[in-house]
Amino acid sequence: MRNILNLLVTLIVFWVGNQYFNEYLSIADTKTLVIASVLMFVISFLFSLAMALSVMLIVVGVGCLTTPALILASIVLTPIKLWLLDKYLGGFEIHGFWTYVLLTIVLSIFTVKVKSKQDK
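The text that follows walks through the structure, step by step, so that each part is easy to find. Only a predicted model underlies this, so the values are computations on that prediction, with no experimental measurement involved.

Cut-offs and rules
- Residues numbered from 1 in each chain as written.
- Predicted model: local features only at pLDDT ≥ 70, side-chain atom pairs only at ≥ 80, totals over all residues.
- Heavy atoms only, no water.
- 1 Å grid on protein atoms, 1.4 Å probe; cavity = no way out; pocket = protein on both sides within 12 Å on 5 of 7 lines; lining within 4 Å.
- Points joined across faces, edges and corners; volume = space filled by probe spheres on them.
- Helix = DSSP H or I, 4+ residues; strand = E, 2+ residues; numbered from the N terminus.
- Nonpolar A, V, L, I, M, F, W, Y, C, P; charged D, E, K, R; others polar.
- Polar contact = N/O pair within 3.5 Å; in protein donor to acceptor, adjacent residues only side chain to side chain.
- Contact = heavy atoms within 4.5 Å.

## Topic: the layout of surface pockets
- One number sums up the size of the second largest pocket: a volume of about 240 Å³.
- Lining the second largest pocket, in full, are I12, V13, V16, G17, F21, Y24, L25, T99, L102, L103 and V106.
- Counting only elements with at least two residues in the lining of the second largest pocket, the list comes to α1 (2–20) and α4 (97–110).
- Of the residues assigned to the lining of the second largest pocket, the class counts are nine nonpolar, two polar and no charged.

## Overview of the side chain of T10
- Positionally, T10 belongs in helix α1.
- Among the polar contacts listed, one links the side chain of T10 to the backbone oxygen of N6, at a separation of 2.9 Å.
- Once residues lying within four places of it in the same chain are set aside, the contact partners of T10 are S37, M40 and L107.

Okay, structure coming up:
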């Protein structure tokens, strides 16, 4: 359920950016909007799997090295995902450095985090 919400949040953020800030974020059509959201979701999902594996490896002692690296990478990963979408997805354009920064912050704020039963 959390993953579907994250996909919808990404879709809405891109749609709002395209509708109200089209001089900074321009998306050609609905098909491109959906493809961009799905690609962001897939990359985020793969990163989440890598993060979960890293946390599980803490017991072995290796995770202590990989977990901080993955947390640091998550800060850098969203702008890289956005840049890759801009570069390789036709019809998806981001204009300006600060647009990348703002989209990274907005996507980070509105990404849904759900606590597991073990965290309670």
